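Summary of the model geometry
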Amino acid sequence: MMNMLTAKDVEQAYERIHSYVHRTPLLTSRTLNGISNFQVFMKAENFQKSGSFKIRGAMNFLLSMDRQSRDRGVVTGSSGNHGQALALAGKMLGIDVKVVVPQDASPAKVTAIQGYGAKLERFGTSSTERLRRAQEISEQERRVFVPPFDHYWIMAGQGTVGLEILEQLDEVDAILVPCGGCGLIAGISTYVKERRPSVRIYGVEPEQSNSTYLSFKAGQRVELHNIHTIADGLRTASPGELTFPIVQRYVDDILLVSEKEIAQAVVFLLERCKVLVEPSGAVTVAAAMFKKLPSGNGKIVAVLSGGNVDRQKLCEIFAMAES
């Protein structure tokens, strides 16, 4: 395992995984540009294999393992997207996968995890609980534990989103990235700040799951309890031990959005842009729509981190947006 993350690690990860993942497009919306007063480009990771950016980190992790470790199988804890990604990556590479999900995991995500052939166990409701259980299984069954975000192989894979953005867009002023455990923003910010330091990086979190915001302001990791947000992929108790120092080094600020703002962003993306984005992926568009950024009229990229949302949840989101 590397001692730090570098742009070169992200480039090597891209060479490793690019034939296994999609190069996702940048989408635009004149309406969103008008609302936000920015020229917004949406990085559509909701179109990615497994429905989110997570396949990038999962695939890079598995391809970085030696053959003996792969033969032992792997285990992780996940609210859904990382579990789906690891299950699919394992299926593609012939590696046995087990996923610990929360008791209240999204039915759509559970169905997908099982559909990719992974073994599944429900345990607890918090990220702390499911990760601890996954580590117990790792010890009991000699499986390799694959962290959802707090590992340099994972971060390097996620950072390939930033590599693609810089290749796809000649000029970019800022990139908005959803924050949970911060594997995605750690990877993107490392690559972008080392290759194009002038680009501003903003994390975006729900007001009701703001561990990265509180940690960023406090200068040390803060752990939350009893998290309640429709953005289930961002219900992380605290940023990672390895990811947070990278956030401190490279991220310009953390922006917060309300539950209603997230819901309205999901509805906007579906009705006006014709794309289905889960709440965790829509927080960046919510930040643009509701003017959370410092004023300006430059080019910004909003990372749409995933599109895995079930029908029942979508009905609740529409009701919340209209309330």
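Located above this text is the structure these notes cover.
The notes below deal with the structure included here. (Residues numbered from 1 in each chain as written. Predicted model: local features only at pLDDT ≥ 70, side-chain atom pairs only at ≥ 80, totals over all residues. Heavy atoms only, no water.)

**Quick word on the sheet that holds strand β1 (residues 26-28)**
The following threshold applies: Only strands joined by at least two bridges in the DSSP assignment are considered to pair. Helix numbering and strand numbering both begin at the N terminus, where a helix is a DSSP run of H or I of at least 4 residues and a strand a DSSP run of E of at least 2. Note on geometry: axes are C-alpha line fits, over the in-contact stretch for helices, and angles between N-to-C directions span 0 to 180 degrees. When checking whether two residues touch, look at their non-hydrogen atoms; a contact exists if any pair is within 4.5 Å.
One open sheet holds the 6 strands; their spatial order is β1-β2-β10-β7-β8-β9, and the pairing between them is mixed. Edge strands, defined here as strands with exactly one partner in the open sheet, are β1 and β9 (253-257). On average, adjacent strands in this sheet sit at an angle of 30° to one another, irrespective of strand direction. As defined by bridge partners, strand β7 (residues 174-178) adjoins strand β10 (residues 299-304) across 3 bridges and the pair is classed as parallel. Counted as the bridge partner of Ala 174 is Ile 300 from β10. On the sheet, helix α14 (residues 279-289) packs against β2 (39-44), β7, β8 (200-206), β9 and β10 and is oriented at approximately 155° with respect to β10.

**A closer look at unusual backbone geometry**
What counts, and what does not: Each residue's exposure class comes from its accessible area (1.4 Å probe, protein chains only) as a fraction of the maximum for that residue type: buried when under 20%, exposed when over 50%, partly exposed otherwise.
The phi dihedral of Arg 142 is positive, around 60°, even though this residue is not glycine. Topologically, Arg 142 is positioned in the loop between α7 (127-141) and β6 (144-145). With a phi angle near 85°, Cys 182 is a residue other than glycine that sits in the positive phi range. Looking at the element boundaries, Cys 182 is found in the loop between β7 and α10 (183-195). By relative accessible area, Cys 182 is classed as buried at 2%.

**Describing the pairing of strand β5 (residues 119-122)**
Inclusion rule: Here a crossover is taken to be right-handed if, once the strands point away from the viewer, the path from the first strand over the helix to the second is traced clockwise.
Pairing analysis gives 4 bridges linking strand β4 (residues 97-101) to β5, with the strands arranged parallel. For Lys 98, the partnering residue across the bridge sits in β5 and is Lys 119. Crossover handedness for the path β4 to helix α6 (residues 107-115) to β5: right-handed.

**Focus on helix α15 (residues 311-322)**
Definition in use: Given the number of residues in a helix, its expected span is that number minus one, multiplied by 1.5 Å. Along the arc lie the directions from the helix axis toward the C-beta atoms. Polar contact is defined as a pair of N or O atoms within 3.5 Å, subject to the rule that within protein one atom must be able to donate a hydrogen and the other to accept it, and that residues adjacent in sequence are counted only when both atoms are side-chain atoms.
Taking 1.5 Å of rise per residue, 12 residues should cover 16 Å, and α15 covers 17 Å from first to last C-alpha, within 8% of that figure. For α15, every residue scored as buried is listed here: Leu 314, Ile 317 and Ala 321. Around the axis of α15, the buried residues are gathered within 55° of arc, so they sit on the same side. Turned more than 90 degrees away from the buried face of α15, the exposed residues are Gln 312, Cys 315 and Glu 322. The inward-facing, buried residues of α15 contact α13 (259-271) and α14. Two to three positions downstream of the cap, the backbone nitrogen of Gln 312 sits 3.2 Å from a side-chain oxygen, assigning the N-cap of α15 to Asp 310.

**Some points on the layout of surface pockets**
The line we're drawing: Definitions used for this entry: grid spacing 1 Å over protein atoms alone; cavity, a set of points where a 1.4 Å probe fits but cannot get out; pocket, an open set with protein on both sides within 12 Å along at least 5 of 7 lines; lining residue, one with an atom within 4 Å of a point. Grid points are joined across faces, edges and corners, and a volume is the space filled by probe spheres set on the points. Under this grouping Gly is polar, as are all residues other than the nonpolar Ala, Val, Leu, Ile, Met, Phe, Trp, Tyr, Cys and Pro and the charged Asp, Glu, Lys and Arg.
Estimates place the volume of the largest pocket at around 340 Å³. Together, 18 residues line the largest pocket, and Leu 131, Phe 149, Asp 150, Arg 221 and Ser 238 are the ones closest to its centre. The dominant element in the lining of the largest pocket, judged by the number of residues it contributes, is α7, at 5 residues. Looking at the lining of the largest pocket residue by residue, the classes come out as 7 nonpolar, 6 polar and 5 charged.

**Comments concerning empty space enclosed by the protein**
Tallied over the full model, the rule gives 1 cavity of 30 Å³ or more. Taken as a whole, the largest cavity encloses approximately 330 Å³ of empty space. Lys 54, Ser 79, Gly 181, Gly 233 and Thr 236 are the residues nearest the centre of the largest cavity, which is lined by 29 residues in total. Of all the secondary structure elements, the ones that give two or more residues to the lining of the largest cavity are α5 (81-93), α7 and α10. Counting residues per element, the lining of the largest cavity draws most heavily on α7, at 3 residues.

**Topic: the packing of aromatic side chains**
Ring pairs (aromatic) are described by centroid distance and by the angle formed between their planes. The following threshold applies: Within 6.5 Å between ring centres, the rings of Phe, Tyr and Trp (the latter by its six-membered ring) count as paired, and their orientation is classed by plane angle as stacked under 30 degrees, edge-to-face over 60, tilted in between.
Within the structure shown, the criterion is met by 1 aromatic pair. Their ring planes at 75° and their centres at 5.0 Å tell us that Phe 61 and Trp 153 sit as a pair that is edge-to-face. Pair noted here: Phe 61 is in helix α3 (residues 54-64) and Trp 153 is in helix α8 (residues 152-158), with a separation of 92 residues, a long-range link. Since its relative accessible area comes to 3%, Phe 61 is described here as buried.

**So, the pattern of salt bridges**
Heads up, the rule is: Salt bridges are defined as contacts in which a side-chain nitrogen from Lys or Arg sits within 4 Å of a carboxyl oxygen from Asp or Glu.
Here the structure, examined in full by the defined rule, presents 17 salt bridges. Salt-bridge contacts for Asp 96 lead to Arg 143; the nearest nitrogen and oxygen are separated by 2.6 Å. Separated by 47 residues along the polypeptide, Asp 96 in the loop between α5 and β4 and Arg 143 in the loop between α7 and β6 bring together distant segments of the chain. Here Lys 292 makes a salt bridge to Glu 261, at a shortest N to O gap of 3.2 Å. Taken together, the residues Lys 292 in the loop between α14 and β10 and Glu 261 in helix α13 connect sequence positions 31 residues apart. Residue classification places Lys 292 among the partly exposed positions, given a relative accessible area of 27%.

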